[in-house]
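Descriptive structure summary
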Amino acid sequence: MDKTYDPVKIETRWYERWERAGYFDSKVEQDADNYAIVIPPPNVTGSLHMGHAFQHTIMDALTRYNRMKGANTLWQPGTDHAGIATQMVVERQLAAKGESRHDLGRDKFIEKIWDWKSESGGNITRQMRRMGSSVDWKRERFTMDTGLSKAVTETFVRLYEEGLIYRGKRLVNWDPVLKTAVSDLEVESEEENGHLWHLRYPRTDGNGHVIVATTRPETMLGDAAIAVHPDDERYQDLIGKTVQLPLCDREIPVIADEYVDPEFGTGCVKITPAHDFNDYEVGQRHDLPLLNIFDDDANINDDAPEAYRGMERFAARKQIVADLEAADLLERIDDHKLMVPRGDRTGQVLEPYLTDQWFVKTGPLAGPAIEAVENGDIRFVPDNWKNTYFQWMRNIQDWCISRQLWWGHRIPAWYDEDGGIWVGRDETEARAAWAKANPQADADGVTPKLRQDDDVLDTWFSSALWPFSTLGWPDKTPEMDHFYPTNVLVTGFDIIFFWVARMIMFGLKFAGDVPFRDVYITGLIRDAEGQKQSKSKGNVIDPVDLIDGIGLEDLVAKRTSGMMQPQKAEKIEKATRKDFPEGIPAFGTDAVRFTYAALASTGRDIRFDMARVAGYRNFCNKLWNASRYVLMNCDGQDTGLKADAEVELSAADRWIISALQDVEAEVAKQLDAYRFDLAAQALYEFIWNEYCDWYLELSKPALQGDTSDAEKRGTRRTLVRVLEAILRLAHPMMPFITEEIWQKVCILAAAEGESISLAPWPQPQSTKRDTIAEADIAWLKGFILGIRRIRGEMDIAPSKPLPVLLEHASDEDRERVVRLEAVLKFLARTESIAVLTDADDAPECAMALLGGMRILVPMAGLIDKDAELARLDKQIAQTEGDLKKARGKLGNQNFVERAPEEVVKQEQQRLVGFESALKELSEQRAKIAALD
């Protein structure tokens with residue numbers, strides 16, 4: 001093995017070999033134990049961010065674990081066509097050339113997008129390979145593939161035929177720049193400074209006016225009513241009457257509705273059903289008219305008073321406020337903080353907009369989906385997330401599935417010249433439907449002129465089919481029989497409704513079963529300040545940059561590329577230079593993956609700390625160096641492979657083998673329970689503390705001391721066999737380093753196979769448990785640590801042999817001293833060990849306790865008394881000075897009151913530390929001074 005662990009050198013080489021050998025390929029075999037996971041398909045335009053890499057680590061660990069357990073695994077890869085995101089990328093490229101999609105036309109524009117995908121759409125697959133993802137690349141899918149598009153069309157047609165898809169007017173989140181409806185997941189709502197305008201609406205009965213408050217005065221042009229709470233005594237006489245709508249030649253009614261908060265403003269609110277989601281619901285309850293005052297650019301349309309037609313919405317706001325003030329209908333303007341919804345792509349304020357859209361009637365689909373979780377067909381991990389699921393599903397609204405884009409699955413509906421709608425799997429089917437409905441016209445040879453709907457489907461529509469469309473549905477395929485339902489879905493809580501719920505609804509409806517048995521909900525990976533990572537915030541880290549490293553300038557360029565808002569780009573650049581002044585160092589894939597696993601506490605959000613990655617990079621180094629030690633001592637040596645070889649196991653050998661049984665059981669238990677953090681913790685503690693720090697040291701007396709060939713053979717065999725098992729245990733989380741080392745160790749350990757990927761998962765064996773050896777080594781550790789503590793306290797060099805006296809030793813202690821004396825001499829550097837009788841008086845000694853026994857080290861002759869006293873006096877003086885300063889600071893009321901709380905707390909902790917150190921130094925000086 002190379003002296004230095006170099007992850008870059010080994011990782012790409014091994015992945016290429018795995019993929020070429022087909023180790024990740026799924027097979028359709030009768031009676032196979034199948035294990036399947038579908039990847040949440042990332043957007044083809046993007047890069048994997050930390051959240052993706054976190055989830056991919058978990059999915060890959062589960063896949064590799066089950067593959068090693070003998071399952072026929074399918075980890076289904078693929079990407080989403082990402083309607084808006086992809087269209088925007090190509091539109092920006094055209095804009096740079098002074099062109100638009102309208103210049104090209106729909107068909108040529110879509111050709112451009114396919115060209116872009118073939119050239120630039122592979123970034124995610126490159127990242128996945130770099131992360132070590134063991135997906136079945138031969139089954140890679142794209143949501144716009146022919147097969148998946150067929151599934152989308154089939155789903156739409158069947159739902160339409162059952163009356164579960166309809167076209168109607170509804171409010172949607174409208175982006176006036178993209179000119180399309182967007183999903184709630186594409187809305188970024190943040191608190192901004194705004195105003196609250198208090199407007200006077202004259203009563204038509206002549207009794208003064210009603211004051212209403214609004215944050216969007218321009219929408220008053222579409223008001224359909226004023227609402228008050230039915231129990232608000234102030235307005236009982238007003239309910240059922242009308243008011244004059246300012247600036248408009250209309251009267252609107254005053255209605256009573258419990259939606260109104262009597263404590264907000266005056267307790268009177270304007271109701272604009274066509275431009276507010278809550279108002280829409282109020283309007284439905286009271287049968288109010290829907291008055292749309294915007295066009296698709298969010299300019300005032302021709303249904304508004306003539307004075308404002310064609311005006312941009314915020315210019316109209318300014319003019320309307322001025323006109324109200326001139327008419328003495330503006331009561332006052334208050335400063336007000338409010339949540340403003342903006343499109344995550346454009347940054348523009350979104351409008352609730354009334355438009356013709358296609359909808360799925362979700363009520364009939366939601367019932368079976370709720371029941372599937374209630375009866376345990378689907379289990380949420382952690383369990384509490386089922387409550388979130390139930391809350392959404394029991395209050396589900398119809399789903400707007402149409403988008404005003406060109407890139408995506410075009411809606412399979414055609415319109416005739418009279419506005420009739422004909423749905424079919426293709427235009428031929430649509431014409432057949434028209435002919436069936438118009439038999440006489442068809443018999444007369446009339447050929448209808450049909451025009452296909454220009455809209456495309458919401459990307460979540462095709463994503464909802466992902467678990468079974470990727471297996472060949474609507475065709476009946478062997479893959480559907482073998483891999484559906486899948487075993488587990490790994491995803492974030494933020495898309496439980498947008499994706500998880502819709503997959504369950506469609507899976508039950510079309511595939512006849514739930515799409516997965518478990519839903520493992522991960523926490524979100526947040527930045528160091530606890531913020532959710534997003535491109536718009538500029539705090540996204542490409543996991544490959546953690547793996548391979550990236551310089552500061554490249555990192556800045558990467559984070560600001562494609563930003564449409566210069567001010568935001570400048571802010572992101574400044575933050576990046578502050579957070580990463582030297583860029584990001586290279587940590588390697590295994591360190592990054594192990595970090596994700598170690599942080600994967602169920603359901604908790606994670607503040608990603610770069611120091612943790614550096615720590616697990618050191619863990620990789622530790623494993624590498626331990627393996628070098630094993631190979632240096634065992635390669636070319638007799639490791640007890642022959643059946644008739646005489647093997648004698650030491651207490652240390654038997655202890656580490658026994659301890660291995662515990663960690664094998666623990667890691668499997670925690671992986672089965674989705675507790676990757678606890679599995680990682682068990683591995684880390686065993687590898688670092690037990691195997692590397694203790695067993696390797698305990699092996700040295702056997703290998704280097706005066707021991708028999710059988711003992712040496714036993715230790716060598718234990719070294720390689722335990723290391724080989726460790727590598728298999730760690731492989732699901734750390735695939736590269738474990739494969740590299742396993743290839744060198746497997747022959748020495750008599751392990752068979754081409755790759756650790758295909759090696760069997762370690763199984764604990766109760767017959768290898770040895771409680772006597774465990775007790776012996778626990779005693780031995782306590783003895784050695786006691787001696788080391790004395791050396792540290794007395795500043796005695798580690799290499800100096802020490803005479804040791806034992807006081808109050810039991811018979812068991814005496815027996816262990818005799819049996820383990822060689823190891824004690826080697827590791828504790830003892831010169832001699834003598835057991836005192838009750839009649840013996842111990843000299844002045846340093847002491848450590850081990851159970852009821854006292855471990856004593858006589859001080860006389862071991863140290864230079866005068867030199868040690870001088871050293872201690874110097875340390876005491878320095879500590880007293882530090883203590884005086886700390887007391888002075890904390891005694892200064894000015895400092896305590898004005899300094900940040902954390903600074904004061906830190907100073908208090910320093911004070912306690914100085915006091916403790918001074919006490920220990922003084923006690924130590926007293927001991928040294930008492931020596932003869």
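Residues numbered from 1 in each chain as written. Predicted model: local features only at pLDDT ≥ 70, side-chain atom pairs only at ≥ 80, totals over all residues. Heavy atoms only, no water.

With respect to the overall build of the protein
Worth spelling out the cut-off: Per the convention used, a helix needs a DSSP run of H or I reaching at least four residues, while a strand needs a run of E reaching at least two, with both numbered from the N terminus. We call two residues in contact whenever any of their non-hydrogen atoms come within 4.5 Å of each other. With residues, only the protein chains shown are counted as cover, and all accessible areas are computed by Shrake-Rupley using a 1.4 Å probe. Working convention for charge: Lys and Arg count positive, Asp and Glu count negative, and His plus the chain ends are omitted. Where a charge lies is defined by one atom per residue type: Lys uses NZ, Arg uses CZ, Asp uses CG and Glu uses CD.
Scanning the protein from N- to C-terminus turns up 32 helices and 29 strands. Principal axes of the C-alpha set define a box for the protein whose edges measure 115 × 75 × 55 Å. Once local pairs closer than 6 in sequence are excluded, the contacts in the protein between residues at least 24 apart make up 77%. As displayed, the protein offers around 42100 Å² of accessible surface, 47% of which is attributable to carbon and sulfur atoms. The average position of the 115 basic charges and that of the 154 acidic charges among the side chains of the protein differ by 4 Å.

Some remarks on the pattern of salt bridges
Basically, it comes down to this: Counted as salt bridges are all cases of a side-chain nitrogen of Lys or Arg within 4 Å of a carboxyl oxygen of Asp or Glu. Any residue under 20% of the maximum accessible area for its type is buried, any over 50% is exposed, and the rest in between are partly exposed; the area is computed with a 1.4 Å probe on protein chains only.
For the structure on display, the rule yields 66 salt bridges. Of the charged contacts, one joins Lys386 and Asp383 as a salt bridge, the two residues approaching to 3.4 Å between their closest N and O atoms. We classify Asp383 as partly exposed; its relative accessible area is 44%. The partner of Glu429 in a salt bridge is Arg425, and the shortest N-O contact between them spans 3.0 Å. Salt bridges here are not isolated pairs; linked through shared partners, they connect Asp776, Glu812, Glu815, Arg816 and Arg819.

Quick look at the pairing of strand E1 (residues 34–38)
This is how it is decided: What makes two strands pair is DSSP finding at least two bridges between them. Orient the strands so they point away from the viewer, and a crossover whose first-strand-to-second-strand path over the helix runs clockwise is right-handed.
Along E1, five of the five residues are buried, which leaves the element largely enclosed by surrounding structure. In E1, alternate side chains face the same way, and those of Asn34, Ala36 and Val38 on one face and Tyr35 and Ile37 on the other are all buried. Sheet topology note: the E1/strand E2 (residues 72–76) ladder contains five bridges and is parallel. If you follow Ala36 over to E2, its bridge partner there is Leu74. In terms of handedness, the path from E1 via helix H2 (residues 50–68) over to E2 forms a crossover that is right-handed.

Description of the state of the cysteines
Note the threshold: Any two cysteine sulfur atoms lying within 2.5 Å of each other are counted as a disulfide.
In total, this model carries zero disulfides according to the counting rule given. Of all cysteine sulfurs in the structure, the one in Cys248 sits closest to Cys268, which takes part in no disulfide; the separation is 18 Å. Overall, Cys268 belongs to the buried group, its relative accessible area being 2%. No disulfide involves Cys620; its nearest neighbouring cysteine sulfur is the one of Cys692, lying 12 Å away.

Let's talk about the sheet that holds strand E27 (residues 830–835)
Strands belonging to one sheet form pairs held by backbone hydrogen bonds; the direction of such a pair is parallel or antiparallel. This is how the line gets drawn: Fitted lines through C-alpha atoms serve as axes, helices being fitted only where they are in contact, and the angles separating the N-to-C directions of these axes extend from 0 to 180 degrees.
The four strands lie next to each other as E27-E26-E29-E28, forming an open sheet whose pairing is mixed. Two strands in the sheet have a free side with no partner beyond their single neighbour: E27 and strand E28 (845–850). Across the sheet, the axes of successive neighbouring strands diverge by a mean angle of 25°, strand direction being ignored. Relative to strand E29 (residues 853–858), E28 runs antiparallel, the two being bridged by six bridges. Note that in E29 the partner of Cys845 across the bridge is Pro858. Contacting strand E26 (802–807), E27, E28 and E29, helix H27 (residues 771–794) runs over the sheet at an angle of about 150° to E28.

Let's talk about the environment of Gly852
As for its placement among the helices and strands, Gly852 is situated in the loop between E28 and E29. It is 43 Å that separates the C-alpha atoms of Gly852 and Ala591, two residues lying 261 residues apart in sequence. Ignoring anything within four residues of it in the chain, the contact list for Gly852 reads Glu807 and His808.

Concerning the packing of aromatic side chains
Defined as follows: Note on aromatic pairs: the rings of Phe, Tyr and Trp (six-membered ring only in Trp) are paired at centre separations within 6.5 Å, and the planes decide the class, stacked below 30 degrees, edge-to-face beyond 60, tilted for the rest. We call a charge positioned over a ring when the NZ of a Lys or the CZ of an Arg lies within 6 Å of the ring centre and within 35 degrees of the ring normal.
Counted by the stated rule, this structure contains 39 aromatic pairs. Consider the rings of Trp18 and Phe736, whose centres lie 5.1 Å apart with planes at 20°: the pair is stacked. Taken together, the residues Trp18 in helix H1 (residues 7–21) and Phe736 in helix H26 (residues 735–745) connect sequence positions 718 residues apart. Exposure remark for Trp18: the relative accessible area of 0% places this residue in the buried category. Through successive ring pairs, a cluster of aromatic residues spans Trp399, Phe461, Phe468, Trp473, Tyr484, Phe506 and Phe510. The cationic tip of Arg170 hangs over the ring face of Phe359; the distance from NZ or CZ to the ring centre is 5.2 Å.

With respect to the packing of helix H23 (residues 651–672) against H27
So the rule is basically this: For this classification, under 35 degrees means roughly parallel, over 145 means roughly antiparallel, 65 to 115 means roughly perpendicular, and everything else is oblique. Gly is put with the polar residues, along with every residue not named as nonpolar or charged; the nonpolar set is Ala, Val, Leu, Ile, Met, Phe, Trp, Tyr, Cys and Pro, and the charged set is Asp, Glu, Lys and Arg.
In contact at an axis separation of 8 Å, H23 and H27 are set at 110° when each is read in the N-to-C sense. Here H23 is positioned roughly perpendicular relative to H27, judged by the angle of their axes. Judged by residue contacts, Ala651, Ala652, Arg654, Trp655, Ser658, Ala659 and Asp662 of H23 engage Ala773, Glu774, Asp776, Ile777 and Lys781 from H27. Of the residues that constitute the contact of H23 with H27, the class distribution is six nonpolar, one polar and five charged.

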